[in-house]
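Summary of the model geometry
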Amino acid sequence: SYDRAFALLPAADRKSQIPGIIMAAIYRTLLEEIRDDGAKVLTRRTSLTPLRKLWIAWKTWIRR
């Protein structure tokens, strides 16, 4: 899981890994949206708006 992987990442590596951590947060949110929508990925496209992605990136960067 994303939480477990993040918890195992050494603190010294978090700064250099921030782009990957941000992308993981965006993908995690997207997967949650797909799950909440009933996983209808074959008949419906699920996406995040650019503004929402920016918000997730900003929140993730602040919390690092």
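Here, the structure is the one placed above.
Summarised in this report is the structure supplied together with it. All values reported here derive from a predicted model rather than from experimental measurement. (Residues numbered from 1 in each chain as written. Predicted model: local features only at pLDDT ≥ 70, side-chain atom pairs only at ≥ 80, totals over all residues. Heavy atoms only, no water.)

**Regarding helix H4 (residues 50-63)**
Here is the rule we go by: Helix and strand assignments follow DSSP, with helices taken as H or I runs no shorter than four residues and strands as E runs no shorter than two, numbered in order from the N terminus. How far a helix is expected to stretch is found by multiplying one less than its residue total by 1.5 Å. Under the scheme applied here, a residue whose accessible area is under 20% of the maximum for its type counts as buried, over 50% as exposed, and between as partly exposed, the area being computed with a 1.4 Å probe on protein chains only. By definition, the arc is the one covered by directions from the helix axis to the C-beta atoms. By definition, residues are in contact when any of their heavy atoms lie within 4.5 Å.
Taking 1.5 Å per residue, 14 residues should reach 20 Å; H4 reaches 20 Å between its end C-alpha atoms and fits that length. Taken as a whole, H4 has its buried residues at Ile 56, Ala 57 and Thr 60. The buried residues of H4 occupy an angular sector of 100° when the element is viewed end-on, so they sit on one face. For H4, the exposed residues lying more than 90 degrees away from the buried face are Leu 51 and Leu 54. Its buried side turned inward, H4 meets helix H3 (18-36).

**A look at the layout of surface pockets**
Inclusion rule: Definitions used throughout: a 1 Å grid over protein atoms alone; a cavity as a set of points that fits a 1.4 Å probe which cannot get out; a pocket as an open set with protein on both sides within 12 Å along at least five of seven lines; a lining residue as one with an atom within 4 Å of a point. Grid points are joined across faces, edges and corners, and a volume is the space filled by probe spheres set on the points. Residues are sorted three ways: Asp, Glu, Lys and Arg are charged, Ala, Val, Leu, Ile, Met, Phe, Trp, Tyr, Cys and Pro are nonpolar, and all the rest, Gly among them, are polar.
A volume near 510 Å³ is recorded for the largest pocket. Those elements giving two or more residues to the lining of the largest pocket turn out to be helix H1 (2-8), H3 and H4. Ranked by the residues each element gives to the lining of the largest pocket, the list is headed by H3, at 6 residues. Its residues placed into classes, the lining of the largest pocket shows 8 nonpolar, 2 polar and 8 charged.

**Focus on the environment of Asp 3**
In this structure, Asp 3 sits in helix H1. A sequence separation of 25 residues divides Asp 3 from Arg 28, and the C-alpha atoms of the two residues are 9.8 Å apart.

**Comments concerning H3**
Its 19 residues place the ends of H3 27 Å apart at the C-alpha level, agreeing with the 27 Å of an ideal helix rising 1.5 Å per residue. Within the span of H3, buried status applies to Ile 18, Ile 21, Ile 22, Ala 25, Ile 26, Thr 29 and Ile 34. Contact partners of the buried residues in H3: H1, helix H2 (11-14) and H4.

Keep in mind that these numbers describe shape and distance, not what the molecule does.
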